[in-house]
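# Chain and residue survey
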Amino acid sequence: MNKRDFERQPVRTRRISWRGVALWTLMGGLVLTAGCSTRRLSQPAPVEDRSGAARPSEGKPLPGAENAGKPGYYTVRPGDTLYRIALEAGQAPRDVQAWNNLTNPNLIEVGQVLRVTPPVSGAAPTATGVTAAPVATPGVVARPLNTPPAPGTPGATPTAPTAATPAPATEPVSAGADDVAFVWPAQGAVVASFDEGKNKGVSISGRLGDPVLAAADGRVVYAGAGLRGYGNLIILKHNNTFLTAYAHNQALLVREDQTVKQGQRIAEMGSSDADRVKLHFEVRRNGKPVDPVAYLPKR
């Protein structure tokens, strides 16, 4: 189309033609730009490898790996906490933390190997130090349960006569240095019995705020809410063999490292991390849960 023909067209038609020319010009520019962009994207951008810096400990053995499988050591598994490991081993969490030089008890790794028994030393293993008295005395009845104290003996208190009702032969009798005579930690009825696979202790019913008592003399080795499923928990260490746990409390009345006496009020019953108000009570012998009823006085 020459200039004269273009001028003879209506103004509207000429405007559309100019728009068409402009549109084609723009599309051509976009095609060229896309081509340049495609060439640039075809070359991969440089990648900085940070894998080495992100995992500085990769390839290095975890602490204590050389002791894996040895007696007195435990290999951390998924879901473990230092508090639960200590409870299962029958040890104070602070002791386990100290034996493994852990600055933060919440920082343990799967596969890490922890010492869960006292380090060997020349002295007898009394890491918990319940009291300054010999190990044979904390919370222990120095006489068989079925033998009354001699008349006039200091410490003889008026109690129900036991001579007429001797203890059954199957009832454990204090015969060793680490045997402990426990008392019931609460007055309610047992609403859940011991089952090592499902219930590592017994559940005792009660009302909110009812007193929770120390089952024997000992030292508070844990007081807190760091173990899932236990709520507000107190753990007492009585000697090198026995440990007791008191769970689901409403309030804790003692602190860690505090020495307590048998029958002392240590907590208020509650329902923390539980479906009802109750006391979950455990007895651990060398870290292994045992039926508390077998160690408590018959009601």
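Reading guide: rules and limits
- Residues numbered from 1 in each chain as written.
- Predicted model: local features only at pLDDT ≥ 70, side-chain atom pairs only at ≥ 80, totals over all residues.
- Heavy atoms only, no water.
- Helix = DSSP H or I, 4+ residues; strand = E, 2+ residues; numbered from the N terminus.
- Buried < 20%, exposed > 50% of the residue type's maximum accessible area, 1.4 Å probe, protein only.
- Pairing = 2+ DSSP bridges.
- Contact = heavy atoms within 4.5 Å.
- Polar contact = N/O pair within 3.5 Å; in protein donor to acceptor, adjacent residues only side chain to side chain.
- Core = buried A, V, L, I, M, F, W, Y, C linked by side-chain atoms within 4.5 Å.
- Phe/Tyr/Trp six-rings, centres within 6.5 Å; stacked < 30°, edge-to-face > 60°.

Naming follows an unreviewed UniProt entry, where the protein appears as Peptidoglycan DD-metalloendopeptidase family protein of Hydrogenophaga luteola.

The backbone phi angle of His248 is positive, close to 70°, even though this residue is not glycine. For His248, the location among the structural elements is in strand S8 (residues 242-252). Overall, His248 belongs to the buried group, its relative accessible area being 6%. A positive phi angle, near 55°, is found at Asn286, a position not held by glycine. Locating Asn286 in the fold gives a position in the loop between strand S11 (278-285) and strand S12 (288-290).

Turning to the pairing of strand S10 (residues 265-269), a few remarks are in order. Looking at chain direction, strand S5 (residues 211-213) and S10 are connected through three bridges and run antiparallel. Its bridge partner lying in S10, Pro211 is registered against Glu268.

Let's shift gears to the environment of Gln262. Along the chain, Gln262 turns up in the loop between strand S9 (259-260) and S10. The sequence separation of Gln262 and Phe182 amounts to 80 residues, and the corresponding C-alpha distance is 8.0 Å. Apart from the residues lying within four places of it in its own chain, the contact partners of Gln262 are Ala181, Phe182, Val183, Ala214, Ala215, Ala216 and Asp217. A polar side-chain atom of Gln262 sits 3.1 Å from the main-chain carbonyl oxygen of Ala215.

Counting residues in hydrophobic clusters, the biggest one holds 26 residues, and the most contacted among them are Phe182, Ile234, Leu236, Tyr246, Ile266, Leu279 and Phe281. When residues of this core are traced back to their parent elements, those giving at least two are strand S4 (202-205), strand S7 (232-237), S8, S10 and S11. Counting residues in hydrophobic clusters, the runner-up holds twelve residues, among them Leu87, Val221, Leu233 and Ile235.

Right, let's talk about the packing of aromatic side chains for a bit. Tallying each qualifying case throughout the model produces four aromatic pairs. With a centroid separation of 5.1 Å and 50° between ring planes, the pair formed by Tyr83 and Tyr222 is classed as tilted. Remark: Tyr222 occurs in strand S6 (residues 218-224) and Tyr83 occurs in helix H4 (residues 82-89); sequence separation between them is 139 residues. As far as the burial class goes, Tyr83 and Tyr222 line up, both buried. Taken together, a centroid distance of 5.3 Å and an interplanar angle of 50° make the contact between Tyr246 and Phe281 tilted. Remark: Phe281 occurs in strand S11 and Tyr246 occurs in strand S8; sequence separation between them is 35 residues. Note on accessibility: Tyr246 and Phe281 belong to one class, buried. These aromatic residues form a ring-pair network of at least three members: Phe182, Phe242 and Tyr295.

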